[in-house]
Amino acid sequence: MTGFPAHRPRRLRSSPAMRRLVAETSVEPRQLVLPMFVAEGLTEPRPISSMPGVVQHSRESARHAVREAAALGLGGVMLFGVPEHKDPTGSGALDPDGILNVAIADAREEVGDDLLVMSDLCLDEFTDHGHCGVLDDAGRVDNDATLELYARMGVAQARAGAHLVGPSGMMDGQVAAVRSALDAESHQDVAILAYAAKYASAFYGPFREAVDSSLQGDRRTYQQDPANRREALREALLDVQEGADIAMVKPAMGYLDLLPLVRDHVTVPVAAYQVSGEYAMVEAAAERGWIDRDRAIAESITSIRRAGADIVLTYWAAELVEQLLI
Ligand code: PBG
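Structure report, in brief. (Residues numbered from 1 in each chain as written. Predicted model: local features only at pLDDT ≥ 70, side-chain atom pairs only at ≥ 80, totals over all residues. Heavy atoms only, no water.)

## Regarding the side chain of Q56
Argument step 1. Among the structural elements, Q56 can be located in strand β3 (residues 55–57).
Argument step 2. Side chain to side chain, Q56 and D212 meet in a polar contact 3.2 Å long.
Argument step 3. With sequence-adjacent residues up to four places away left out, Q56 is seen in contact with F37, A39, L42, P45, R46, I48, V82, E209, A210, V211 and D212. (Helix = DSSP H or I, 4+ residues; strand = E, 2+ residues; numbered from the N terminus. Polar contact = N/O pair within 3.5 Å; in protein donor to acceptor, adjacent residues only side chain to side chain. Contact = heavy atoms within 4.5 Å.)

Structure follows, in structure tokens:
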């Protein structure tokens, strides 16, 4: 052994105070968005078994959760509707009395402009076949016919009071279609959070229970192939060109490599969606005592921020802030 190490990176890890000083990444409440499910006809919240701790809200309990999100200083809530009745064209999505639109209006009534009210803009919760768009005679998802419905759905959500709409169906041209419909109705201030790079992922499994999905088969003709990286950038650039205000990558943890890629090539904020399966995996392992739940949650969200996400959608958003896990 000759001499001493010239460089000692451990010095900066020597105490909690030192580590706090030099931490490169932080997670702030304002960067977190809480996805929420609001189900038609419920009088009280109904637990989702594959997502312990997450519920299908009644309109009343959703109001409460939205107020709480505002009090916690979260960046926003992303609302999903779970209708009682579905049909081939997902007409409940356009109906001003449809569950998602009334939930948006309820939320705005609760929080005004204190919290951003965001809404999922997709037909899958409303169609009886469970696809994100309408089907043609051959049973394929009809891109352009779907765009017309997305445009009308975006307007319905803006009328209900959404500050921001999130087209998540991966139809080509969806951002442009929604943007021009919003603008034509003087909703220039309603922003678009584009699910730019959304993959056909097994990690959406628990979400299917959360929204009582009726999907048979899969979404591989419209959501991206997990094998593809360049394509994510292509999708993100197209969405920004079409008018996206924020570009999102989804899921988050299996797709962390896409975050710096997108972050480096677009000038809009980048979001990542930590999806239901990511949530369920940590909860299930923690339940068995196989993992330290609180640390795993904080670490997973820090990783997503570190990789390049400005904004993180996570089912732990409220808890993270409440328990100051961050
Ligand atoms: C589609 C949509 C899905 C999710 C969000 N929006 C499901 C899908 O594409 O199959 C998944 C969210 C999650 O798993 O947490 N409207």
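Back to the write-up after that little detour.
## What about the pairing of strand β8 (residues 246–250)?
Argument step 1. With five of five residues buried, β8 is to be regarded as a mostly interior element.
Argument step 2. Alternating residues of β8 divide into I246, M248 and K250 and A247 and V249, and every residue in both groups is buried.
Argument step 3. With five bridges connecting them, strand β7 (residues 191–198) and β8 associate as parallel partners. In the sheet register, A194 faces β8, and the bridge partner there is A247.
Argument step 4. In this structure, β8 lies alongside strand β9 (residues 270–273), joined through three bridges in parallel fashion. Its bridge partner lying in β9, M248 is registered against A271.
Argument step 5. For the crossover that starts at β8, traverses helix α8 (residues 258–265) and ends in the parallel β9, the hand is right-handed. (Buried < 20%, exposed > 50% of the residue type's maximum accessible area, 1.4 Å probe, protein only. Pairing = 2+ DSSP bridges. Right-handed = clockwise from strand over helix to strand, strands pointing away.)

## With respect to the site of the ligand
Argument step 1. The environment of the ligand is made up of 17 residues, and the closest members are D124, R208, K250, S276 and Y315.
Argument step 2. In this structure, an oxygen atom belonging to the ligand sits 2.9 Å away from a side-chain N or O atom of K198.
Argument step 3. Residue Y315 places a side-chain N or O atom 2.5 Å away from an oxygen atom belonging to the ligand.
Argument step 4. Considered on its own, the ligand offers 410 Å² of accessible surface; in the complex 100% of this is hidden by protein.
Argument step 5. Across the shell around the ligand, the residue classes break down as seven nonpolar, three polar and seven charged. (Near = heavy atom within 4 Å. Areas by Shrake-Rupley, 256 points an atom, 1.4 Å probe, with all protein chains shown as cover. Nonpolar A, V, L, I, M, F, W, Y, C, P; charged D, E, K, R; others polar.)

## Quick look at a nonpolar patch on the surface
Argument step 1. Together, L12, L21 and V22 make up an exposed nonpolar region whose accessible area comes to about 280 Å².
Argument step 2. Mapped onto the elements, V22 comes out in helix α1 (residues 16–22). (Patch = residues over 30% accessible without salt bridge, like charges linked within 9 Å, V, L, I, M, F, W, Y side chains within 5 Å. Salt bridge = Lys/Arg side-chain N within 4 Å of Asp/Glu carboxyl O.)

## Remarks on the pattern of salt bridges
Argument step 1. Enumeration over the complete set of coordinates arrives at 19 salt bridges.
Argument step 2. Note that R140 and D136 form a salt bridge whose closest N and O atoms lie 3.3 Å from each other.
Argument step 3. Between E283 and R293 there is a salt bridge, and its shortest N-O distance comes to 2.8 Å. Residue E283 is found in helix α9 (residues 276–287), and its partner R293 is found in helix α10 (residues 293–307); the two are separated by ten residues along the sequence.
Argument step 4. Exposure remark for E283: the relative accessible area of 8% places this residue in the buried category.
Argument step 5. With relative accessibility at 22%, the residue R293 sits in the partly exposed group.

## Comments concerning the packing of aromatic side chains
Argument step 1. Scanning the model with the defined rule gives nine aromatic pairs in all.
Argument step 2. Taking the centre distance of 6.2 Å and the plane angle of 50° together, the rings of Y195 and Y273 count as tilted. Of this pair, Y195 sits in strand β7 while Y273 is found in strand β9, placing the two residues 78 residues apart along the sequence.
Argument step 3. A relative accessible area of 1% places Y273 in the buried class.
Argument step 4. Cation over ring: K250 sits above F207, and NZ or CZ is 5.9 Å from the ring centre. (Phe/Tyr/Trp six-rings, centres within 6.5 Å; stacked < 30°, edge-to-face > 60°. Lys NZ or Arg CZ within 6 Å of the ring centre and 35° of its normal.)

## What about the nonpolar core?
Argument step 1. Counting residues in each nonpolar core, the largest one holds 108 residues, and the members touching the most others are L32, F37, L74, L79 and L259.
Argument step 2. Discounting chain neighbours no more than four positions away, the residues touching L74 are P29, R30, L32, L34, A69, L115, A317, A318 and V321. (Core = buried A, V, L, I, M, F, W, Y, C linked by side-chain atoms within 4.5 Å.)

## A look at the packing of helix α2 (residues 59–72) against helix α3 (residues 99–111)
Argument step 1. The contact between α2 and α3 brings their axes to 9 Å, and the two run at 45°. Classified by the angle between their axes, α2 and α3 sit oblique to one another. Once α2 is placed against α3, the crossing between them reads as right-handed. Taken together, the residues of α3 that come into contact with α2 (itself represented by R59, R63, V66, R67 and A70) are I99, V102, D106, A107, E109, E110 and V111.
Argument step 2. For the contact of α2 with α3, a count of residues per class yields six nonpolar, no polar and six charged. (Axes fitted to C-alpha atoms, helices over the stretch in contact; angles between N-to-C directions. Parallel < 35°, antiparallel > 145°, perpendicular 65-115°, else oblique. Left-handed = near helix turned anticlockwise from the far one by under 90°.)

## Some thoughts on α8
Argument step 1. Of the positions making up α8, those classed as buried are L258, L259, L261 and V262. For α8, the buried positions fall inside an angular range of 165° around the axis, keeping them on one side.
Argument step 2. Check the buried side of α8 and you find it contacts α7 (230–242), β8, β9 and α10. (Arc of directions from axis to C-beta.)

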